[in-house]
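What follows is each chain in one-letter form.
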Amino acid sequence: MMKNRRHIKWGFLFFFLPVVLWLFLLIVLPHLELLRLSFTKANTGKFTLDNYLAFFNEPIYWLTFVRTAGYSIIVTFIVMVISLPVSFYISKIVKERISGALMILILVPFWVSELIRVYGWMILLRESGILNHFFVSIGLFKEPVEMLYNDITMIMGLVYTSMLFMVVPVIGVMDDLDNSLIEAAYDLGASKTAIWRTIIIPHCASGLVNGGIIVFMLVLGSYLTPNLMGGKNSLWFTEQIYNQIILYFNWNQGAAFGFLLLALSSLIIWVLLKLTKQNLKEVVK
Amino acid sequence: MKKVVLVLMVLTILGSVLFAQASAETKNPVLRIITWSGYAPQELLDKFTEQTGYKVEVTLSNNEEMISKLRATRGGGFDLAQPSQDRISSVVEQYAIYQPIDYARINTEQIDASLLEAVKKNTLVDGKSYAVPHVYGTEGLVVNKALAPDVKDFKDLLDPKYAGRVSYRLKRPTLIGMGFSLGYDPFALYSDPVAYQKFLDEMEKILIAGKPSVKTYWDNGDQLLQSLRSEEVWAASAWEQAGWKLHAENPNIDYIAPTSGALGWVDTFAIPAKSENLDAAYAYINFMLEPENAAFFTNRETYGTASKDAVNYLDPEIKANFTRGLPPEVLANINWYPTVPAGIEEMEGKTLDKIKAAR
């Protein structure tokens, strides 16, 4: 009996070890190295806080972060507002067979890479693009209008690329909502807004917060969409990190920015959870 | 039973790992190159493999990534690299990612002597040089002459007349080209960081003020070609290849060298510090600079080559491009990029970030 147990342990170890090594060597170790880099001076390797101070002293850096975080919050909010009715429609209104088909319709675009989807939007929206061609030919526009390269297009692109990550968790919690609650509210004469405010949204809160965290982090960390669709005015914070590491070879500064992004975004989520009186333990349950 | 299965599984996995190792050692030596897209055409690679027996593995990249990748491995992972000549000496000093070239192993007869001398001088570190010239080119203007007839120099890209019809890269060449065009000599200021910062601050003001003219800052070649082809953009700062390619489709569009001088670059061969196949690397350098092979490359990609006699093998229309766009008086007026001193790029980076973030 004893012997047998020991052998199972060896087998377990054999399959467990690669995973641990993978995580440690390829994920934990590089992060520790980056953390060390972020606290040292380029070239000399001496300990310094300059890399972190540069973020606060140089307005361009923290302004970029504020802008990025601000837009991420706006995008998250818009995604929430759109996802609620969409999820409600899919999980409560249509028949089960159709709701499956609708779910697949939401999922399918995500089988294609983000880059391709963004290029798709660019083909639609550019000055010599499909939408402009259509509007000019039906006489709505006199001449083509450039729809790319502004903040509104960029927000739209970000909302589109992160939609799925809100809809799925919200549908998950909405399925649990007992229909009879809504029926009872109607019977007692509640208005539609009252039903949404007092029954549906509170019930979906955990799904919304769950999706909100994912969407916020995704948007904050996205690189492609702001860069390609935002064009000439959109400096996203991830681009600063890329620039520091790849273009200016300043790994120390880039590493410090990376950790600042991690710390500040976690802080923002913590503050938002506190403000909305949500409990992280409840959310992940 | 369980035990037997387990032991068998472990043996198979270990065995396959060891076997793969053993077979790798007996395989033909491979030459691993990190280079720019188009620099290693498949036809030439096949010919090289046929002549020498070395197989070639190509990784496509650009200057910044080349340095970052080689820096991450401390000069390993590749046997040959093709950085621009101005991006060699400072990274050799800082990170030691390249090794000196043994010019005795290079067939210098077939290389343009002035280019070779210039590159040797520019990549000199501690009495040793680190590169062999391969390809040269310029950055100037690609203009749709029917729509933007007055664009003659970099500074004309700021003209409000062409609002929303102009595109350039938000990279260092733009700062430098604009600088020359507005009467500065940025290269002379390299050695004086204070004066260079003052110059950059000026450029920041000018480029932010010129932002309304810009449609978008392009950052890949296809994006640029597409917007010029569709006539969404009338004038752009770009390489001669983009201009010549579009000229063949639309005669109104062509490359012109700015009156203040085009910016000239030279891409080179440099050998990473931990190159594992020096013989193949030198063989490849000599092979690519043979006149016939160099001409094949130039006919295909329309970049100028450092191979001296390649001109004898060029197609007539390619030759016509060079005589139209880069005649001797234009070549004499080129501002060649000197080596970038450490720290300069960081200063430029901050300026570029500020320009991009400005409203």
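Calculation criteria
- Residues numbered from 1 in each chain as written.
- Chains lettered and ligands numbered in written order.
- Predicted model: local features only at pLDDT ≥ 70, side-chain atom pairs only at ≥ 80, totals over all residues.
- Helix = DSSP H or I, 4+ residues; strand = E, 2+ residues; numbered from the N terminus.
- Rg over C-alpha atoms; globule rule 2.2 N^0.38 Å.
- Buried ≥ 20, exposed ≤ 12 C-beta atoms within 10 Å, placed from the backbone.
- Contact = placed C-beta atoms within 7 Å.
- Nonpolar A, V, L, I, M, F, W, Y, C, P; charged D, E, K, R; others polar.
- Domains from an automatic or database assignment.
- UniProt positions renumbered as here; feature names shortened; annotations may be inferred.
- Pairing = 2+ DSSP bridges.
- Axes fitted to C-alpha atoms, helices over the stretch in contact; angles between N-to-C directions.
- Parallel < 35°, antiparallel > 145°, perpendicular 65-115°, else oblique.
- Left-handed = near helix turned anticlockwise from the far one by under 90°.
- Core = buried A, V, L, I, M, F, W, Y, C linked by C-beta atoms within 7 Å.
- Arc of directions from axis to C-beta.

K.L.:
Hey, could you go over the overall build of chain A for me, with residue numbers and the actual values?
P.N.:
A tally of regular secondary structure across chain A gives 14 helices and 0 strands. Radius of gyration (C-alpha) of chain A: 24 Å, far over the 19 Å computed for a compact globule of 285 residues. Principal-axis analysis of the C-alpha atoms gives chain A an extent of 75 × 70 × 35 Å. Taking all 285 residues of chain A together, the buried fraction comes to 29%. Put simply, 69% of the contacts in chain A that link residues at least 6 apart link residues at least 24 apart.

K.L.:
Mind laying out the interface of chain A and chain B, listing which residues take part and the relevant values?
P.N.:
Opposite the 22 residues of chain A that make contact, chain B presents 23 residues. Where the side of chain A that touches chain B is concerned, the elements lending two or more residues are α1 (2–38), α3 (59–93) and α12 (237–247) of chain A. With 5 residues, the top contributor of residues to the side of chain A that touches chain B is α12 of chain A. Considered class by class, the residues forming the side of chain A that touches chain B number 10 nonpolar, 10 polar and 2 charged.

K.L.:
Any chance you could break down the domain arrangement of chain B for me, citing the residues and the numbers?
P.N.:
All names here are of chain B. Domain boundaries assigned for chain B yield domain 1 (27–130 + 265–326) and domain 2 (137–262 + 339–357). A separation of 27 Å is found between the C-alpha centroids of domain 1 and domain 2. Counting from both sides, the interface comprises 13 residues of domain 1 and, opposite them, 11 residues of domain 2. Elements represented by at least two residues in the side of domain 1 that touches domain 2 include exactly α4 (89–95) and α13 (316–325).

K.L.:
Report on the UniProt feature "transmembrane region" (unreviewed entry) in chain A, specifying residues and quantitative values.
P.N.:
In the UniProt entry, the feature "transmembrane region" (unreviewed entry) is given for residues 12–32, 69–90, 102–124, 152–173, 194–220 and 255–273 of chain A. Within the segment residues 69–90 of chain A, helix and strand shares are 100% and 0% respectively, and the terminal C-alpha atoms sit 31 Å apart.

K.L.:
Now, about the sheet that holds strand β1 (residues 30–35) of chain B: what can you tell me, with residues and values included?
P.N.:
Residues and elements named next belong to chain B. Within the open sheet, the 3 strands sit side by side as β2-β1-β3. Their pairing is parallel. The strands lining the two open edges of the sheet, one partner per strand, are β2 (55–60) and β3 (80–81). Here β1 pairs with β3 via 2 bridges, running parallel. Counterpart to Ile33 in the pairing with β3 is Leu80.

K.L.:
Tell me about unusual backbone geometry, and name the residues and values.
P.N.:
It is generally the case that most residues other than glycine have a negative phi and that most peptide bonds are trans. A positive phi angle, close to 60°, is found at Tyr149 of chain A, a residue other than glycine. Taking the C-beta count within 10 Å as the criterion, Tyr149 of chain A has 23 such neighbours and is therefore assigned buried. Phi at Arg74 of chain B takes a positive value of approximately 55°, unusual for a residue other than glycine. Turning to its location among the elements, Arg74 of chain B is positioned in the loop between α3 (63–72) and β3.

K.L.:
Residue-level account of the packing of α3 of chain A against helix α15 (residues 344–357) of chain B, with values.
P.N.:
Contact geometry for α3 of chain A and α15 of chain B: axes closest at 10 Å, N-to-C directions at 40°. Overall, the two elements α3 of chain A and α15 of chain B adopt an arrangement that is oblique. Pair α3 of chain A / α15 of chain B crosses with left-handed handedness. Of the residues in α15 of chain B, those touching α3 of chain A at Ile60, Leu63 and Thr64 of chain A are Lys350, Asp353, Lys354 and Ala357 of chain B. Of the residues in the contact of α3 of chain A with α15 of chain B, the class split is 3 nonpolar, 1 polar and 3 charged.

K.L.:
I'd love a proper account of the nonpolar core, names of residues and values included.
P.N.:
The nonpolar side chains of a soluble globular protein tend to be buried with one another. Of all hydrophobic cores here, the largest spans 107 residues; its most connected members are Leu80, Val142, Ala235 and Ala236 of chain B. Each of domain 1 (27–130 + 265–326) and domain 2 (137–262 + 339–357) of chain B accounts for three or more of the residues forming this core. Apart from the residues lying within four places of it in its own chain, the contact partners of Leu80 of chain B are Leu31, Ile33, Phe269, Ile271, Ser275, Ala281 and Tyr284 of chain B. Ile90, Met154, Val170 and Val219 of chain A belong to the second-largest nonpolar core, a separate cluster that totals 29 residues.

K.L.:
How would you explain helix α9 (residues 221–229) of chain B if you had to name every residue and give the values?
P.N.:
All names here are of chain B. Every buried residue of α9 is accounted for by Leu224, Ser227 and Leu228. Burial along α9 is one-sided: seen end-on, the buried residues are contained in an arc of 100°. Its buried side turned inward, α9 meets β5 (132–144), β6 (166–167), β7 (235–239), α10 (240–249) and β8 (253–256). After α9 finishes, the residue Glu231 shows a positive phi value of roughly 60°.

K.L.:
If you had to explain the environment of Ala236 of chain B to someone new, which residues and values would you point to?
P.N.:
Residue and element names in this part refer to chain B. Along the chain, Ala236 turns up in strand β7. Given 27 C-beta atoms within 10 Å, Ala236 falls into the buried group. Here the alpha-carbon distance between Ala236 and Val143, two residues 93 residues apart in the chain, equals 6.5 Å. Residues contacting Ala236, with those up to four places away along its chain left out, are Val142, Val166, Ser167, Tyr168, Trp218, Leu224 and Leu228.

K.L.:
Help me get a handle on the packing of α12 of chain A against helix α13 (residues 251–275) of chain A, residues and values and all.
P.N.:
All names here are of chain A. Close contact between α12 and α13 brings their axes to 7 Å; oriented N to C, the two are set at 155°. Here α12 is positioned roughly antiparallel relative to α13, judged by the angle of their axes. Pair α12 / α13 crosses with left-handed handedness. Of α13, the residues touching α12 (which contributes Phe237, Gln240, Ile241, Gln244 and Ile245) are Trp251, Gln253, Gly254, Phe257, Gly258 and Leu261. Per-class residue counts for the contact of α12 with α13 are 6 nonpolar, 5 polar and no charged.

K.L.:
Just give me the short version of the pairing of β7 of chain B, but keep the residues and values in it.
P.N.:
Residue and element names in this part refer to chain B. Of all 5 residues that make up β7, 5 are buried, and the element is covered over most of its length. Judged from the 2 bridges that link them, β6 and β7 form a sheet pairing that is parallel. What sits directly across from Ser167, in β7, is Ala236.

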